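# Tertiary structure, described
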Amino acid sequence: MYAVEDPVVAEALGRERAVWCPGAELEQFRPLIGALRVSELAAEHVSVYSPGPAPADPDATALVRSAVTHLREDLQRNAASVAQSLDCSWDQLADLTVCIAPHLACRLDLPDTGEMVHVPVDAGIDWSSGTLYVRDTAALTRTSGVGRSIAARFPGSRREVALAWGAACDQAEKGRTAVQLSLADDQVRRDREAAEAE
């Protein structure tokens with residue numbers, strides 16, 4: 001049986017192996033892992049990859065960067081201790097590049113057997129390259145997709161951050177819609193002025 005830090009990976013591995021789901025964040029139960037003879041699958045045992053081409057998506061990247069800004073503002077205002085628990089820099093989050101990988105998977109090195117297992121996932125982050133992979137853009141705004149991948153960097157507050165991610169994405173999409181409406185209004189005005197000039 002395995003205890004997995006990342007809930008996205010835990011869900012995927014749980015389709016193939018026994019995964020311990022303690023009902024709350026794993027950090028709260030860490031002292032029990034050894035006593036229960038559960039093998040812990042930590043971040044260093046997991047790597048996300050795309051077996052095929054994974055093109056960068058500039059629009060999705062812009063959305064995520066805007067959402068990170070909203071997430072930071074929200075957490076700093078409403079949950080300062082959660083914001084401070086981030087175990088990387090805010091710049092690392094803001095600099096992620098989104099790539100669409102329809103066959104996205106994680107490679108797991110099982111610590112107890114040395115076996116390598118590959119499981120499909122909807123979202124994952126390769127921190128070494130600064131790449132946020134998603135199977136499709138719908139995973140960007142889901143708390144169960146990118147929300148949980150981002151939240152993995154907030155030990156002890158993963159659930160709260162994943163939920164806050166959904167709200168941050170809503171704000172980012174509202175901002176994008178407002179910009180699109182503004183640009184559309186500008187285009188209508190330019191078309192009207194061009195027609196009047198003729």
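Our subject is the structure listed above.
So, here is what we can say about the structure in this document. All figures in this text were calculated on a predicted structure; none of them were measured in a lab.

## Here's the deal with the overall build of the protein
A count of helical and extended segments in the protein gives seven helices and eight strands. Considering only C-alpha atoms, the protein reaches an extent of 80 × 40 × 25 Å along its principal axes. A sequence separation of at least 24 residues applies to 67% of the contacts in the protein between residues at least 6 apart. Accessible area for the protein stands at about 10,500 Å²; split by element, carbon and sulfur atoms hold 50% of it.

## As for the pattern of salt bridges
For the coordinates displayed, the defined rule picks out eight salt bridges. Across the pair Arg 30 and Glu 40 runs a salt bridge, and its minimum N-O distance is 2.2 Å. A residue pair is termed long-range when its members are at least 10 positions apart, and Arg 30 in helix α2 (residues 30-35) and Glu 40 in strand β2 (residues 39-41) qualify at ten residues. By relative accessible area, which is 30% here, Arg 30 ends up partly exposed. With a relative accessible area of 25%, Glu 40 lands in the partly exposed category.

## Concerning the sheet that holds strand β7 (residues 123-126)
Spatial ordering of the open sheet is given by β4-β8-β7, a layout of three strands whose pairing is mixed. Only two strands of the sheet have a single neighbouring strand rather than two, namely β4 (97-100) and β7. Between one strand axis and the next, the sheet turns by 25 degrees as a mean value, whatever way the strands run. Both β4 and strand β8 (residues 131-134) contribute to a ladder of four bridges, which runs parallel. Note on β8: the bridge partner recorded for Ile 100 is Val 134. Packed on one face of the sheet, helix α3 (residues 58-78) meets β4 and β8 and runs near 135 degrees to β4. Here helix α6 (residues 143-151) sits on the sheet in contact with β7 and β8, set at roughly 35 degrees to β7.

## Considering the state of the cysteines
Under the definition given, this model contains zero disulfides. Free of any disulfide, Cys 99 has its nearest neighbouring cysteine sulfur in Cys 106, separated by 15 Å. Exposure remark for Cys 99: the relative accessible area of 10% places this residue in the buried category. No disulfide involves Cys 169; its nearest neighbouring cysteine sulfur is the one of Cys 88, lying 16 Å away. On the basis of relative accessible area, Cys 169 is assigned to the buried category, the value being 1%.

Rules and cut-offs
- Residues numbered from 1 in each chain as written.
- Predicted model: local features only at pLDDT ≥ 70, side-chain atom pairs only at ≥ 80, totals over all residues.
- Heavy atoms only, no water.
- Helix = DSSP H or I, 4+ residues; strand = E, 2+ residues; numbered from the N terminus.
- Contact = heavy atoms within 4.5 Å.
- Areas by Shrake-Rupley, 256 points an atom, 1.4 Å probe, with all protein chains shown as cover.
- Salt bridge = Lys/Arg side-chain N within 4 Å of Asp/Glu carboxyl O.
- Buried < 20%, exposed > 50% of the residue type's maximum accessible area, 1.4 Å probe, protein only.
- Pairing = 2+ DSSP bridges.
- Axes fitted to C-alpha atoms, helices over the stretch in contact; angles between N-to-C directions.
- Disulfide = S-S within 2.5 Å.

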